[in-house]
Amino acid sequence: MEKFKVGIIGTGFGAKVHAPMLVHHVGFQVVAISSVSRGNIEEARNVSGIDKVYTDWQQMLEQETLDLVVVASAVNLHKEMAVAAFKKGVHVVCEKPMALDTKETNEMIAERDHAGKWGLINHEFRFLPARTKVKEILESGRLGKVLHVRYLCSFANYTALISKPRGWLGQEENGGGMLGALGSHMIDSLQWWLDSTFKEVYGQLPIHIPVQSEHNGNKELRTADDAFQIIGTLENGTTVTVELISAALQTENTWRLEVFGTEGTLVMLDDKKVLISAGNSHFEEVELVPDLEAPPSMPQIAARYYNGFQRALDALHATLVSGKKHPYLADFEDGSSTQKVLDAVRKSAREGKKAEVK
C-alpha cells in the first residue's frame, strides 16, 4: 500500500490523537511533529510516539519532505499554517472549526486552489456507524419530508469547569468556545445529513462558568462560550434546534438527535444507537455495522476515537491515491459553509436578534 508522509502541527490533540491514529494506519508515515508554543520536546515525543519533534512548525515545513500536513493548533493559527503548507505544495487536513471567520476560510480556499492540493476538514464523526446510518436513512426518503430536527449535547463537566483551566479553548480571541469545538461538528453533520445549508439562525452563547475557582493563587477568566443554543432554518425549509451545555452535574445521554419527518421519526443516542418509527408504529432499533476495535498498543485517549477516525483515514488514503474525494470526507467548502453558520450565530448572539447566514 502506498504510504504518504505526514507532518503534524500541534502537540495537544495532534500529538495525543492524530499521531497514534496515523502511526497505526498502514497508509501513512508520520515523519515529524511540531509544537506551536515551543513546548517540552521530550513530553511531546512521549505523548505522540514520534521521535522527530520540532519547536518551530515553519522549520518542519522547510526541512521535511511531506505529502500531507495536519493542522491541529489553536483556531487562530489555522489559516497561517494551512497557507504555508499549500505554498510548500502539500495537502492539508485542518482541524475544525476551519478558521476564525469566513474571510479566513476564503483565503484558505484560494491558496488551496492555487496549489492544486487537497484541503480537508477533520470531521471524523461523520464516519461513525450511527451517523452514516442516519445519512443513509435520510437519503432513502424513508422519513418523508423532514420537518424539524432537534440536536442536543450535554457534558457532565461542571466540576472540571470550576476547578481546571480551559486554556485557549476558554478565550474567544484564540478561537475558543464550545460553538467552534463541538458546534462545528453538529452544524456540519446537520448540513451533511439533510443535504442543505442554514438560511438563518438565532443564537445564544452563554458562559456559565466565567471564572475558574482559585487554584495555586491563580484564576482563569473565560471570554469564550461554554454552552450554546441555536434556533435555525435550512434552505430546504427544515427547522432545527441545536443545543449544548458543558456545565451539567450529570446527564443521561451525551448526544441526542431527533429527526421528525412526515412519514416517520428517527432518534440517535450517544452515536451508538439509531431507532426509527414509521408512521405511528413503535420505535425499532436499526442494525449498524460493527464497531472497530482499537489495537491494544494504541493509547487510551486515541482509542476512544478509533471507530470513526480509522474509517476517516481509510477514506483519506483512498482520496489521495485516486485523486477522487470520498463522498463522506469534509472539504474546505464544507468547512467554509459551517464557518458561515458560526459567524451568523455569533452575530446573532451579539445583537440579540435573528441573523442571516451568508
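Our structure's up above, just so we're on the same page.
All values derive from a computational prediction rather than experimental measurement.

Student: Summarise the overall build of the protein; cite the residues concerned and give the values.
Tutor: For the protein, the helix and strand inventory stands at 11 helices and 16 strands. Taken across its 358 residues, the protein has 52% of its residues classed as buried. Contacts in the protein between residues at least 24 apart in sequence constitute 69% of all its contacts with a sequence separation of at least 6. Of the roughly 16300 Å² that the protein leaves accessible, carbon and sulfur atoms contribute 48%. Treating the 39 positive side-chain charges of the protein as one cloud and the 46 negative ones as another, the clouds have centres 2 Å apart.

Student: With reference to specific residues and values, describe helix α6 (residues 129–140).
Tutor: With 12 residues, α6 extends 16 Å from end C-alpha to end C-alpha; this agrees with the ideal 16 Å at 1.5 Å per step. With nine of its 12 residues buried, α6 lies for the most part within the structure. Along α6, the residues classified as buried are Pro129, Ala130, Arg131, Thr132, Lys133, Val134, Lys135, Ile137 and Leu138. Its buried side turned inward, α6 meets β7 (146–154), α8 (178–194), β11 (255–261), β12 (264–269), β13 (273–278) and α10 (306–322). Among the residues trailing α6, Gly141 stands out with phi positive, at a value near 80 degrees.

Student: How would you summarise the sheet that holds strand β2 (residues 28–34) if you had to cite specific residues and measurements?
Tutor: Overall, mixed pairing links the seven strands, which are arranged β3-β2-β1-β4-β5-β6-β15 in an open sheet. Each of the sheet's edge strands pairs with one partner strand only, and the pair in question is β3 (53–54) and β15 (330–331). One ladder, built from six bridges, connects strand β1 (residues 4–9) with β2; its direction is parallel. Bridge pairing links Ile9 to Ser34 in β2.

Student: Residues and numbers for the packing of aromatic side chains, please.
Tutor: Counted according to the given criterion, the structure contains nine aromatic pairs. Relative to Tyr328, the ring of Phe127 has its centre 6.2 Å away and its plane inclined at 65 degrees; by these criteria the two rings are edge-to-face. Separated by 201 residues along the polypeptide, Phe127 in the loop between β6 (119–121) and α6 and Tyr328 in the loop between α10 and β15 bring together distant segments of the chain. Here Phe127 and Tyr328 have matching classes, each one buried.

Student: Describe the sheet that holds strand β8 (residues 198–204), with residues and values.
Tutor: Spatial ordering of the open sheet is given by β14-β13-β12-β11-β7-β10-β9-β8-β16, a layout of nine strands whose pairing is mixed. Lying at the two open borders of the sheet, with one neighbouring strand each, are β14 (284–285) and β16 (355–356). Judged from the two bridges that link them, β8 and β16 form a sheet pairing that is antiparallel. Pairing of Val201 across the sheet is with Ala355, part of β16. Together, β8, β9 (227–234) and β16 form the strand contacts of helix α11 (residues 332–351), whose direction differs from that of β8 by roughly 45 degrees.

Student: Which residues make up the nonpolar core, and what values do they have?
Tutor: Ranked by size, the top nonpolar core spans 74 residues in total, and within it Phe28, Trp193, Phe198 and Leu257 carry the most contacts. Sort the elements by how many residues they give to this core and α8 lands first, with 10 residues. Those residues in contact with Leu257 that lie beyond four places of it in its chain are Val134, Val149, Arg150, Tyr151, Trp193, Leu266, Val267 and Met268. Judged by nonpolar contacts, the second largest core, of 24 residues, contains Ala32, Tyr54, Val90 and Cys94.

Student: Could you give me a rundown of the pattern of salt bridges, with the residues and numbers involved?
Tutor: Per the stated rule, a full pass over the model turns up 19 salt bridges. A single network of salt bridges, built from pairs that share partners, joins Lys79, Lys103 and Glu107.

Student: How would you sum up empty space enclosed by the protein? Please name residues and give values.
Tutor: Rolled over the atoms, a probe with the dimensions of a water molecule shows which regions are left empty. For the structure shown, the criterion picks out two cavities of 30 Å³ or more. By volume, the largest cavity is sized at about 160 Å³. Along its surface, the largest cavity is lined by 18 residues, and Val93, Asn122, Ala312, Leu316 and Leu329 are the ones closest to its centre. Only α1 (13–23), β6 and α10 provide two or more residues apiece to the lining of the largest cavity.

Student: Lay out the environment of Thr159 in plain terms, naming residues and giving numbers.
Tutor: Here Thr159 is to be found in helix α7 (residues 158–163). Among the residues examined, Thr159 registers a relative accessible area of 51% and is labelled exposed. When the C-alpha positions of Thr159 and Ala248 are compared, they lie 8.7 Å apart, and in sequence the two are 89 residues distant.

Student: Lay out the packing of α6 against α8 with the relevant residues and their values.
Tutor: Running from N to C, α6 and α8 cross one another at 30 degrees; their axes reach a closest spacing of 9 Å. Taken as axis vectors, α6 and α8 run roughly parallel relative to one another. Contacts between α6 and α8 involve Arg131, Thr132, Val134, Lys135 and Leu138 on the former and, on the latter, His185, Ser189, Trp192, Trp193 and Leu194. Split by residue class, the contact of α6 with α8 holds five nonpolar, three polar and two charged.

Student: Any chance you could break down the pairing of β13 for me, citing the residues and the numbers?
Tutor: Pairing analysis gives six bridges linking β12 to β13, with the strands arranged antiparallel. When the bridges of β13 are listed, Leu269 appears paired with Lys273. From the end of β12 to the start of β13, which pair antiparallel, there are three residues, and Asp270 there has a positive phi angle of about 55 degrees. Here β13 runs beside β14; their pairing, made up of two bridges, is antiparallel. Its bridge partner being in β14, Leu275 is matched across the sheet by Glu285.

Reading the values: the criteria
Residues numbered from 1 in each chain as written. Predicted model: local features only at pLDDT ≥ 70, side-chain atom pairs only at ≥ 80, totals over all residues. Heavy atoms only, no water. Helix = DSSP H or I, 4+ residues; strand = E, 2+ residues; numbered from the N terminus. Buried < 20%, exposed > 50% of the residue type's maximum accessible area, 1.4 Å probe, protein only. Contact = heavy atoms within 4.5 Å. Areas by Shrake-Rupley, 256 points an atom, 1.4 Å probe, with all protein chains shown as cover. Lys, Arg positive; Asp, Glu negative; His and termini not counted. Charge placed at Lys NZ, Arg CZ, Asp CG, Glu CD. Expected span 1.5 Å × (residues − 1). Pairing = 2+ DSSP bridges. Phe/Tyr/Trp six-rings, centres within 6.5 Å; stacked < 30°, edge-to-face > 60°. Axes fitted to C-alpha atoms, helices over the stretch in contact; angles between N-to-C directions. Core = buried A, V, L, I, M, F, W, Y, C linked by side-chain atoms within 4.5 Å. Salt bridge = Lys/Arg side-chain N within 4 Å of Asp/Glu carboxyl O. 1 Å grid on protein atoms, 1.4 Å probe; cavity = no way out; pocket = protein on both sides within 12 Å on 5 of 7 lines; lining within 4 Å. Points joined across faces, edges and corners; volume = space filled by probe spheres on them. Parallel < 35°, antiparallel > 145°, perpendicular 65-115°, else oblique. Nonpolar A, V, L, I, M, F, W, Y, C, P; charged D, E, K, R; others polar.

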